[in-house]
Amino acid sequence: MLEFKSVAYSYSNSDARCVALHEISVSFAAGKHVCIVGANGSGKSTLLRLANTTLPPSSGKILLDGQPMAELASHEVHRRVGIVKQDPCVQIVSSLVLDEVSFGPQNLGLTADEIKRRSKQALDCVGLAGFEQRSTYSLSGGEQQRLALAGVLAMKPDYVLLDEITSHLDLVSRQRIRSIVDGLADAGVGVVEVSHYVQDVQEADAVILLEQGRITWQGLPGELLESPELLKRSCLVGASGCHAGHFVDANRAVKRTKGGAVALCASQVSMDDILHGVSLEVGAGDLHIIAGKSGAGKSTLAQVLAGLIVPDAGKVTCADLQVQPGAVGLAFQRVAEQLFCDTVLDDVMFGPQQGGMPEAQARAQATQALQLLGIEEELYERNPLDLSGGQARRVALAGIIALKTGVCIFDEPTAGLDAVGREELHAVVATLCKEGCTVIVVTHDIEEWLAQAQTLTVLDTGHVVWSGAAKKAKPVLVRTGLINSSKSSEEQGFLAEDYQ
Ligand SMILES: Nc1ncnc2c1ncn2[C@@H]1O[C@H](COP(=O)(O)OP(=O)(O)OP(=O)(O)O)[C@@H](O)[C@H]1O
Ligand SMILES: [Mg+2]
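Here we come to the coordination of the magnesium ion (ligand 2). Coordination of the magnesium ion (ligand 2) by the protein involves Ser45 (OG) and Gln86 (OE1), with metal-donor separations of 2.0 to 2.3 Å. One end of the pair, Ser45, is in helix α1 (residues 44–51); the other, Gln86, is in the loop between β6 (81–84) and α3 (97–107), and 41 residues separate them in sequence. Residue Ser45 is classed as buried on the basis of its relative accessible area of 13%. Taking relative accessible area as the criterion, Gln86 reaches 17% and is therefore assigned buried.

Given below as structure tokens:
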């Protein structure tokens with residue numbers, strides 16, 4: 001049993017003490033899968049950090065199978081309680097995949113054979129067999145997430161803490177992770193998982209709702225999922241009642257007429273072994289989706305489209321000119337790569353000021369973008385590194401929106417956002433498109449963007465396997481396993497034909 005007894009935690013910021021958790025008393029049992037839900041900034045990651053002693057409680061006690069955690073040696077805690085962090089990059093320490101997954105078992109003093117066996121088993125389990133000799137830095141966001149999980153599985157811990165581990169994964173990988181998690185609980189491991197996805201919550205044995213650092217509800221998934229009020233409070237659904245994967249098309253951007261101007265065009269772009277002759281066109285004012293399995297080359301393509309990587313072959317044009325860095329705003333998949341100023345406001349003002357904008361105007365644009373993304377004023381002076389994952393994502397997106405470039409690319413923009421944040425972002429994108437901005441979204445949450453988009457490209461191992469109107473994309477997305485098949489008989493009929 002992992003027990004919290006009246007645990008509180010405060011972060012001490014330069015400006016003020018921020019109470020992240022108040023009087024938490026809760027137990028996590030072996031063999032049970034508990035999901036923690038709550039809005040961005042409600043204290044979920046903080047709770048997990050306390051549960052593996054990354055943070056010491058400000059008051060109260062945490063017990064591991066009856067023993068105070070504070071009295072256990074750190075290697076003992078790490079052997080028994082594994083964590084996959086919200087940003088998996090921060091926990092990857094080795095440069096080779098095999099070294100990374102064997103790092104933990106090596107520290108347990110196991111035989112070489114056992115280390116090899118565990119490492120292989122863990123990589124197979126998360127779908128990374130064959131990646132042993134790959135550099136960890138070259139992995140896609142989703143592959144890093146799976147590697148971090150493999151590293152924890154190889155330790156065979158008694159408890160695992162999972163912080164939004166499906167946020168950068170495609171549908172098939174998400175389903176694989178779901179069955180791994182079920183298998184862990186069945187094998188007697190205590191699983192504590194943080195998620196913003198309804199699909200993750202419905203599989204759990206119990207759910208805990210955190211609101212502003214307090215546990216305000218605990219119960220069964222069914223009780224939460226059947227209560228519109230609890231769903232909203234947990235931010236699993238937004239104000240309009242939609243959850244990840246099921247956004248309505250109320251925000252649909254103005255319809256484009258055929259043959260409109262092309263804002264961004266890639267022709268025959270190739271890059272190392274990652275992209276192979278990729279061509280695509282995005283119409284001015286359109287929303288374009290780039291979809292594809294984890295590791296398909298989407299983020300590399302995003303950087304090439306933004307002019308940040310010069311391809312080995314082929315070219316990218318923006319408004320008929322060769323794309324230059326700065327012409328296209330790109331919000332990175334990993335927010336940590338984008339946030340570097342001392343305060344949130346400075347960070348969002350940085351881009352516009354770099355472009356030569358006077359301070360007052362940059363401040364006005366930054367403030368507007370922060371408001372659009374729902375960042376409260378009290379966070380403006382906070383160091384961006386001292387934010388929750390979802391807050392940091394919002395700030396990073398605001399930094400790109402404040403640039404007011406004619407083309408914006410958002411790489412996995414909804415990863416880490418609660419349903420309210422997602423809704424806000426969808427509305428922002430609809431407004432941007434209405435104002436004539438062209439938006440490209442690279443995403444695994446395809447269904448929630450599909451109704452809003454005009455066009456879509458499916459990438460697979462660096463090749464474009466399909467490109468066309470978003471409203472015709474469902475069959476190919478189902479066929480490639482990127483979305484679940486819809487139950488509508490009309491579509492089923494269409495699919496059956498398609499397979500013949
Ligand atoms: N390093 C830090 N320094 C100061 N404050 C922090 C730090 N990390 C988090 N906080 C604050 O503590 C509160 C809880 O943050 P936490 O990361 O636990 O939230 P969360 O529920 O995991 O959110 P998300 O869904 O966005 O990941 C937030 O108000 C956040 O701004
Ligand atoms: Mg978090």
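Mapped onto the elements of the fold, Gln365 is located in helix α12 (residues 359–372). Among the residues examined, Gln365 registers a relative accessible area of 10% and is labelled buried. Beyond its immediate stretch of four places on either side in the chain, Gln365 contacts Met357, Ala402, Leu403 and Lys404.

With that settled, consider the layout of surface pockets. As a volume, the second largest pocket reaches approximately 1,100 Å³. Lining the second largest pocket are 44 residues, and of these Ser138, Leu139, Ser140, Gly141 and Glu143 lie nearest its centre. It is helix α5 (residues 141–153) that provides the largest number of residues to the lining of the second largest pocket, a total of 5 residues. Taken domain by domain, the lining of the second largest pocket gets at least three of its residues from each of domain 1 (2–233) and domain 2 (249–499).

Around ligand 1 lies a shell of 21 residues, among which Lys44, Thr46, Ser388, Gly390 and Gln391 are the nearest. Here an oxygen atom of ligand 1 sits 2.9 Å away from a polar atom, N or O, in the side chain of Gln86. In this structure, Gly389 approaches ligand 1 through a main-chain N or O atom, which is 3.4 Å from an oxygen atom. In the complex, the protein chains occlude 92% of the 640 Å² of accessible area that ligand 1 would expose alone. When residues of the shell around ligand 1 are traced back to their parent elements, those giving at least two are β2 (17–28), α1 and α13 (389–401). A per-class count over the shell around ligand 1 returns 4 nonpolar, 13 polar and 4 charged.

This part takes up the packing of α5 against helix α6 (residues 171–186). Where α5 contacts α6, the two axes come as close as 12 Å, and the packing angle between them is 15 degrees. Classed by the angle they form, the pair α5 and α6 counts as roughly parallel. The handedness of the crossing between α5 and α6 is left-handed. Between α5 and α6, the contacting residues are Arg146, Leu149 and Leu153 on the first element and Ser173, Ile177, Ile180 and Leu184 on the second. Of the residues assigned to the contact of α5 with α6, the class counts are 5 nonpolar, 1 polar and 1 charged.

Procedures and definitions
- The residue numbering used here restarts from 1 in each chain and proceeds along that chain's sequence as written.
- Key to labels: chains lettered from A, ligands numbered from 1, both in the order written.
- Reporting in this predicted model follows two pLDDT cut-offs: at least 70 for local features of residues, and 80 or more for side-chain atom pairs to be given and counted; totals over whole chains, interfaces and linings ignore these cut-offs and use all residues.
- Only hydrogens and water are set aside; all other atoms, that is, all heavy atoms of the structure, feed into the side-chain values.
- Only nitrogen, oxygen and sulfur atoms qualify as donors, and only when within 2.8 Å of the metal (3.2 Å in the case of Na, K and Ca); with water excluded, sites may look incomplete.
- Numbering of helices and strands starts at the N terminus; helices are DSSP runs of H or I of at least 4 residues and strands are runs of E of at least 2.
- Each residue's exposure class comes from its accessible area (1.4 Å probe, protein chains only) as a fraction of the maximum for that residue type: buried when under 20%, exposed when over 50%, partly exposed otherwise.
- Any two residues whose heavy atoms approach within 4.5 Å are treated as being in contact.
- Using only the protein atoms, space was sampled on a 1 Å grid; points where a 1.4 Å probe fits but cannot get out form cavities, open sets with protein on both sides within 12 Å along at least five of seven lines form pockets, and lining residues are those with an atom within 4 Å of a point.
- Grid points are joined across faces, edges and corners, and a volume is the space filled by probe spheres set on the points.
- An automatic or database domain assignment is the source of the domain bounds shown.
- It suffices for a single heavy atom of a residue to lie within 4 Å of a molecule or strand for the residue to be listed as near it.
- A 3.5 Å cut-off defines polar contacts: any pair of N or O atoms within that distance qualifies, except that in protein one atom must be a possible hydrogen donor and the other a possible acceptor, and neighbouring residues in sequence count only when both atoms are side-chain atoms.
- Shrake-Rupley sampling with a 1.4 Å probe provides the accessible areas, and residues are treated as covered by the protein chains on show and by no other component.
- The nonpolar class holds Ala, Val, Leu, Ile, Met, Phe, Trp, Tyr, Cys and Pro. Asp, Glu, Lys and Arg form the charged class, and all remaining residues, Gly among them, are polar.
- The axes are straight lines fitted to the C-alpha atoms, using for helices just the contacting stretch, and the angles between their N-to-C directions are given from 0 to 180°.
- Just so you know how the angles are binned, under 35 degrees is roughly parallel, over 145 roughly antiparallel, 65 to 115 roughly perpendicular, and the rest oblique.
- By definition, turning the near helix anticlockwise from the far helix through less than a right angle yields a left-handed crossing, and turning it clockwise yields a right-handed one.

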